[in-house]
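Structural overview for review
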Amino acid sequence: MKEILSNITKDYLYRLIKEGKRIDGRDMNEYRDIQIDPDWTSSAEGSARVRLGDTDVIVGIKMEVGEPFPDTPDKGVLTTSAELIPMASPEYESGPPGEDATELARVVDRGIRESGAVDTTELCIEEGEKAWVIFIDIHVLDFDGNLFDAAGIGAMTALLDADVPASNFDEAEEDEDYPLPIEHIVVPNTFTKIKDEIILDAQLEEEKIADARLTVTFNEEDEIVAMQKGLRGVFKYDDTMDCIERSKELSETMRERIMDEIDRENI
Amino acid sequence: MGSNEDIELLKDGKRQDGRDFDELRDINIEAGVLKRADGSAYIEWGQNKIMAAVYGPREMHPRHAQETTKAVVRARYNMAAFSVPDRKRPGPDRRSVEIGKLVSEALEKVVFTERYPRSVVDVFIEVLQASAGTRCGGLTAASVALADAGIPMSDMVASCASGKIEDQVVLDLGKNEDNYGQADVPVGYIPRTDEICLLQMDGNLTIEEYEEAMDLSIEACKEIYEKQRQALRDKYSTELNEDEIEELKKEVK
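Residues numbered from 1 in each chain as written. Chains lettered and ligands numbered in written order. Predicted model: local features only at pLDDT ≥ 70, side-chain atom pairs only at ≥ 80, totals over all residues.

**Describing the overall build of chain B**
Counting secondary structure elements, chain B contains five helices and 12 strands. Relative to the compact-globule value of 18 Å for 253 residues, chain B shows a C-alpha radius of gyration of 20 Å, a close match. Counting only C-alpha atoms and orienting by the principal axes, one finds that chain B spans roughly 65 × 55 × 35 Å. Taken across its 253 residues, chain B has 50% of its residues classed as buried. (Helix = DSSP H or I, 4+ residues; strand = E, 2+ residues; numbered from the N terminus. Rg over C-alpha atoms; globule rule 2.2 N^0.38 Å. Buried ≥ 20, exposed ≤ 12 C-beta atoms within 10 Å, placed from the backbone.)

Printed below as a string of structure tokens:
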């Protein structure tokens, strides 16, 4: 079911944006309140629940022993999936993942994969034969805008929280499970363009009038590791630079937030 | 029901987690936890973590599933991939589909469906962490979510299972008891009318044991019902100071 935003609300939002204001009184470059709860579920190898305003996402990490891909015989396997379950919004329907869920999963995946956030060579058990398969599952409970950042932060936190369940798979003795080898901490920041303004962390109503969206993912060495432009509108080159500059700062703060929540030193 | 000789479910007359035979695991229910849904509830039941959400009444799609004289209650039961020890492949499997159907039927009994012809009340149950008894937890939470959504109902459904381990009838099977026990009987119960709206059983039970199990479950459902009501009270009651009480009294006069 498609939700419709009334023209009155639209006009109001446009007017606010023009005046440099937002519907919830935030600054253009400000996140909503964010709550990060690592180790939210004990049935997963690692997990995190992230609440970004009223957007509510749980990310769980499951691992099993499988076969490495033929073209990377010395590496573990990383898979990211997202479910936009009908609980989360009247617009979501049951069934196989649609375009939105696929894009979400792939953007989160790209940030983690391309940055080498997880050291997959450490996850090879026997070259060409046996390797750890990591499943990152994104479960959206309440959708109030900006799933990309909520899911990205959740995935990174859940990976940092994860222990390789080696003893369950007879790959180690009892109590010899070890933390997942993490090389980099990457965080996405998503910008939304509405008319000529670019805002951070759009909430639902703002997303509904969005022209274009840009997600930028940085690692801790100030390198861009992934980007994704979405929606039908366009960005000027300068706009993209603006987003990148902003993202560099923002990701640093967010990285500190995540590390504050995680009790882990060996990165 | 599986069996495993090595697993000792009862030791010195106590269960693995130290519970008595007629003792429930800890249950906590919270009403109104999601923003987008019309109604929602979150339940923690032992190690289970389950969320339920309600949307509707809204237009029924597909059209051919509409009922001309009443609303349809459509429940979907889903387990998160990370909710169980071995990752569950996302998407519906036969077990989920069956549970969804049974929960729909159980809830339809208490919803005044005749008020909303051609529409649907969607109930979504998401199991986020599973540890035996998720359908009962889901049904219990879904009832609270329906009430939270303001759907007219004759009552809430409370649900609980009992079963048999090592020839002993016990209430609310834990994970090992469910995996290695001898029987499992999930029950959905409507307290106000003393009716049973969900009943399944697998394993083996004598008639006496069945009676014993049902007695345990129904007593437990009454206890759970109180927790459901309390969750709604916690969400919707407000504490008044004396001035406000006086004010109200005047209005009533």
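**Description of the overall build of chain A**
Helix and strand counts for chain A stand at five helices and 12 strands. Expected size for 267 residues packed as a compact globule is a radius of gyration near 18 Å; at 19 Å, chain A falls within 12% of this value. Its C-alpha atoms give chain A principal-axis dimensions of roughly 65 × 40 × 35 Å. A buried classification covers 45% of the 267 residues belonging to chain A.

**Details of the packing of helix α2 (residues 99-114) of chain A against helix α3 (residues 147-161) of chain A**
Two packed helices can be described by the angle between their axes and the distance between those axes. Residues and elements named next belong to chain A. Running from N to C, α2 and α3 point in directions that differ by 45°, and their axes come no closer than 10 Å. Considering the angle they form, α2 stands oblique to α3. The two elements α2 and α3 meet at a crossing, and its hand is right-handed. Facing α2, whose interface residues are Leu104, Val107, Val108, Gly111 and Ile112, α3 presents Leu147, Phe148, Ala151, Gly152 and Ala155. Residue composition of the contact of α2 with α3, grouped by class: eight nonpolar, two polar and no charged. (Axes fitted to C-alpha atoms, helices over the stretch in contact; angles between N-to-C directions. Parallel < 35°, antiparallel > 145°, perpendicular 65-115°, else oblique. Left-handed = near helix turned anticlockwise from the far one by under 90°. Contact = placed C-beta atoms within 7 Å. Nonpolar A, V, L, I, M, F, W, Y, C, P; charged D, E, K, R; others polar.)

**A look at the sheet that holds strand β6 (residues 72-79) of chain B**
Residues and elements named next belong to chain B. Strand order across the open sheet formed by five strands is β3-β4-β5-β7-β6, with mixed pairing between neighbours. Of all the strands in the sheet, the pair left with one neighbour each is β3 (27-31) and β6. Ignoring which end each strand starts from, the neighbouring axes of this sheet average 15° apart. Note: β3 against strand β4 (residues 39-45), five bridges, orientation antiparallel. The residue bridging Ala31 from the neighbouring strand is Ala41, located in β4. Of the strands in this sheet, β3, β4, β5 (48-59), β6 and β7 (119-129) touch helix α2 (residues 134-148), which is tilted by about 150° from β4. (Pairing = 2+ DSSP bridges.)

**Some points on helix α1 (residues 94-108) of chain B**
Residue and element names in this part refer to chain B. Given a rise of 1.5 Å per residue, 15 residues ought to cover 21 Å, and the 21 Å separating the end C-alpha atoms of α1 matches this to within 8%. Those residues of α1 that fall on the buried side of the exposure criterion are Ile99, Gly100, Leu102, Val103, Ala106 and Leu107. Next to the buried residues of α1 lie β6, β7, α2, β10 (183-190) and β11 (195-199). (Expected span 1.5 Å × (residues − 1).)

**Here's the deal with the environment of A:Glu67**
The residue A:Glu67 is located in the loop between β3 (55-66) and β4 (77-83) in this model. C-alpha of A:Glu67 to C-alpha of A:Asp39: the two residues are 28 residues apart in sequence and 27 Å apart in space.

**Some thoughts on the sheet that holds strand β9 (residues 187-194) of chain A**
Within a sheet, adjacent strands bond to each other through the backbone by hydrogen bonds, running parallel or antiparallel. Residue and element names in this part refer to chain A. Taken in spatial order, the four strands of this open sheet run β10-β9-β11-β12, and their pairing is antiparallel. Taken across any chain shown, the strands that pair with only one partner, and hence form the sheet edges, are β10 (197-200) and β12 (224-230). Neighbour-to-neighbour, the strand axes of the sheet open up by a mean angle of 20°, direction not taken into account. Bridge count between β9 and strand β11 (residues 212-218): seven bridges; the pairing is antiparallel. The partner of Thr192 across the bridge, within β11, is Arg213.

**Thoughts on the interface of chain A and chain B**
Taken residue by residue, the interface counts 28 residues in chain A and 26 residues in chain B. Those elements that provide at least two residues to the side of chain A that touches chain B are β3, β4 and β6 (130-142) of chain A. Split by residue class, the side of chain A that touches chain B holds 12 nonpolar, nine polar and seven charged.

Shape descriptors only; they carry no functional weight alone.
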